[in-house]
Amino acid sequence: MVHGVGVQRNENGNSATVRSDWERAEAEALYGLPFADLMFRAQSVHRESFDPNHIETASLLSIKTGGCPEDCGYCAQSAYYDTGLKASRLMARTDVVATAQRAKDAGASRFCMAAAWRNPKDRDLDQVCEMVSAVKALGMETCVTLGMLTLGQAARLAEAGLDFYNHNVDTSPEFYGRVITTRTLQDRIDTLAHVREAGIKVCSGGIIGMGERAEDRLGMLVLLANLRKHPESVPINLWNEVKGVPVYATAERPDPIAQVRLVATARIMMPKSVVRLSAGRQYITDELQALCFLAGANSIFIGDVLLTTENPKSDRDADLLNRLGITSGLA
Ligand code: SAM
Ligand code: DTB
Ligand code: SF4
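Quick notes on the rules
- Residues numbered from 1 in each chain as written.
- Chains lettered and ligands numbered in written order.
- Predicted model: local features only at pLDDT ≥ 70, side-chain atom pairs only at ≥ 80, totals over all residues.
- Heavy atoms only, no water.
- Helix = DSSP H or I, 4+ residues; strand = E, 2+ residues; numbered from the N terminus.
- Rg over C-alpha atoms; globule rule 2.2 N^0.38 Å.
- Buried < 20%, exposed > 50% of the residue type's maximum accessible area, 1.4 Å probe, protein only.
- Contact = heavy atoms within 4.5 Å.
- Lys, Arg positive; Asp, Glu negative; His and termini not counted.
- Charge placed at Lys NZ, Arg CZ, Asp CG, Glu CD.
- Axes fitted to C-alpha atoms, helices over the stretch in contact; angles between N-to-C directions.
- Parallel < 35°, antiparallel > 145°, perpendicular 65-115°, else oblique.
- Left-handed = near helix turned anticlockwise from the far one by under 90°.
- Nonpolar A, V, L, I, M, F, W, Y, C, P; charged D, E, K, R; others polar.
- Salt bridge = Lys/Arg side-chain N within 4 Å of Asp/Glu carboxyl O.
- Disulfide = S-S within 2.5 Å.
- UniProt positions renumbered as here; feature names shortened; annotations may be inferred.
- Near = heavy atom within 4 Å.
- Polar contact = N/O pair within 3.5 Å; in protein donor to acceptor, adjacent residues only side chain to side chain.
- Areas by Shrake-Rupley, 256 points an atom, 1.4 Å probe, with all protein chains shown as cover.

*Asks:* A description of the overall build of the protein chain should follow, citing residues and the corresponding values.
*Replies:* In terms of helices and strands, the protein chain carries 12 helices and nine strands. Scaling as 2.2 N^0.38, a compact globule of 331 residues should have a C-alpha radius of gyration of about 20 Å, and the protein chain matches this with 19 Å. Its C-alpha atoms put the protein chain at 55 × 40 × 35 Å along the principal axes. Here the protein chain holds 331 residues, and 57% of them are scored as buried. Sequence-distant contacts, at least 24 apart, represent 75% of the contacts inside the protein chain between residues at least 6 apart. In the protein chain, 36 side chains carry a positive charge and 40 a negative one; their mean positions are 2 Å apart.

*Asks:* Can you break down the packing of helix α8 (residues 214-225) against helix α10 (residues 256-269) residue by residue, with the values?
*Replies:* α10 packs onto α8 with a crossing angle of 20 degrees between their chain directions and a minimal axis gap of 10 Å. Between α8 and α10, the interaxial angle falls into the category roughly parallel. Seen along the crossing, α8 lies across α10 with a hand that is right-handed. Residues Arg 217, Leu 218, Leu 221, Val 222 and Ala 225 of α8 form the contact with α10, whose participating residues are Leu 262, Thr 265, Ala 266 and Met 269. Tallied by class, the residues present in the contact of α8 with α10 amount to seven nonpolar, one polar and one charged.

*Asks:* Can you explain the pattern of salt bridges? Please cite residues and give values.
*Replies:* In the structure shown here, the tally under the stated rule is 22 salt bridges. Put simply, Arg 19 and Glu 26 hold a salt bridge, and the shortest N to O gap is 3.0 Å. Overall, the relative accessible area of 14% leaves Arg 19 in the buried class. Judged by its relative accessible area of 16%, Glu 26 falls in the buried class. The shortest N-O distance in the salt bridge between Glu 232 and Arg 196 comes to 2.8 Å.

*Asks:* Give a detailed account of the state of the cysteines, specifying residues and quantitative values.
*Replies:* Put plainly, two cysteines are in a disulfide when a covalent bond ties their sulfur atoms together. Tallied over the full model, the rule gives zero disulfides. Cys 143 forms no disulfide, and the closest cysteine sulfur to it belongs to Cys 112, at a distance of 3.5 Å.

*Asks:* Could you give me a rundown of the UniProt feature "binding site: [2Fe-2S] cluster" (unreviewed entry) in the protein chain, with the residues and numbers involved?
*Replies:* This chain's UniProt record puts "binding site: [2Fe-2S] cluster" (unreviewed entry) on Cys 112, Cys 143, Cys 203 and Arg 276. Across 165 residues of sequence, these annotated residues stay compact in space, with a maximum C-alpha separation of 13.9 Å. As for its position among the elements, Cys 112 is in strand β2 (residues 110-115). The residues touching Cys 112, leaving out its near neighbours within four places in the chain, are Ser 59, Leu 60, Leu 61, Cys 143 and Thr 145. Mapped onto the elements, Cys 143 comes out in strand β3 (residues 141-145).

*Asks:* Could you give an account of the environment of Val 128, naming the residues involved and the relevant values?
*Replies:* Tracing the backbone shows Val 128 in helix α4 (residues 122-136). Note on Val 128: relative accessible area 0%, which makes it buried. In this structure, the C-alpha to C-alpha distance between Val 128 and Thr 83, residues 45 residues apart in sequence, is 26 Å. When near neighbours in sequence (up to four residues on either side) are disregarded, Val 128 contacts Ile 63, Trp 117, Val 144, Leu 146 and Leu 157.

*Asks:* Break down the site of ligand 1 for me, with residues and values.
*Replies:* Residues in contact with ligand 1 amount to 16 residues; listed here are only the nearest, Thr 145, Asn 168, Asp 170, Arg 183 and Asn 240. Between Asn 168 and ligand 1, the recorded distance is 2.9 Å, taken from a side-chain N or O atom to an oxygen atom. Calculation on ligand 1 without its partners gives an accessible area of 560 Å², and the protein chains cover 90% of this total. Residue composition of the shell around ligand 1, by class: eight nonpolar, six polar and two charged.

Printed below as a string of structure tokens:
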């Protein structure tokens, strides 16, 4: 057995111990295990908390698109870059609810509403709170991602019945400054703390394929796994190509096996979290997606678009899940 990665069992004899004291070297040792050993560990941990034959389906809607004052170097919606995207105002609640209903009919159990803001203005937040309550009334789980939040704003969203808040750490502390300069990683961690304190479940992950090294991807997992309480949802986005942004020049898709190893490592480090194979699924083969599900990924975004970029067509997703015998809202 490789030093430092022995199976740790808790008093109940199972190994899915939730820890927040991960060392970078431990993450590297897990990631570097022989593939069969890594997959066995990941699957064992996965089966302790989840049905391995089921995945969660979430649907996204951009409720306020483009013109964003942040300089995130990967994003089509930043006002810093010419990506050809037309900015638009906050959508009307009735249109949002109608879209959520269609997403529900298409098999989504969670509806995530995203706004291209640095942070919401209080007036905007009133409208988002109304959207959250209305979507929840359809019987869907709700998620919003609106940028940075104060504790007071998080409390208002909680009162409106919000289930999840998405706010990604995006990458490792070392790589972060290469892609974003207008807000710090600490700003993001502060927002995550406000969301937690307000009693909302946390959705936080990041992006791979921007030109970062494998060490950065692991650094991102260590950051997430060392939050005092693990995010309930961990989206792993493969960068969706956008022309005109700085990341376009540095992007490099990880080797497929490296991607599976990363998912497996995330599964082991955050044993009770739902790991979402998020953006970028349209670039990867069915076989690679299947390996990612075997490694512990158990959520996807469904629908033909994410926010401004593509997602696999729903018939391709339904076909893949059917062939794998995986149940979801879709299949
Ligand atoms: N503006 C808010 C914020 O950034 O906090 C919410 C929306 S923003 C689009 C949510 C997340 O989407 C980002 O943190 C980033 O991780 C991810 N994202 C943005 N553009 C992406 C792309 N082209 N490919 C993959 N993920 C992307
Ligand atoms: C997340 O981690 N991935 C979603 C969601 N959170 C908001 C966003 C993916 C965005 C892909 C780029 C786009 O469509 O503009
Ligand atoms: Fe704005 Fe969010 Fe895009 Fe960054 S990721 S530019 S904050 S919309």
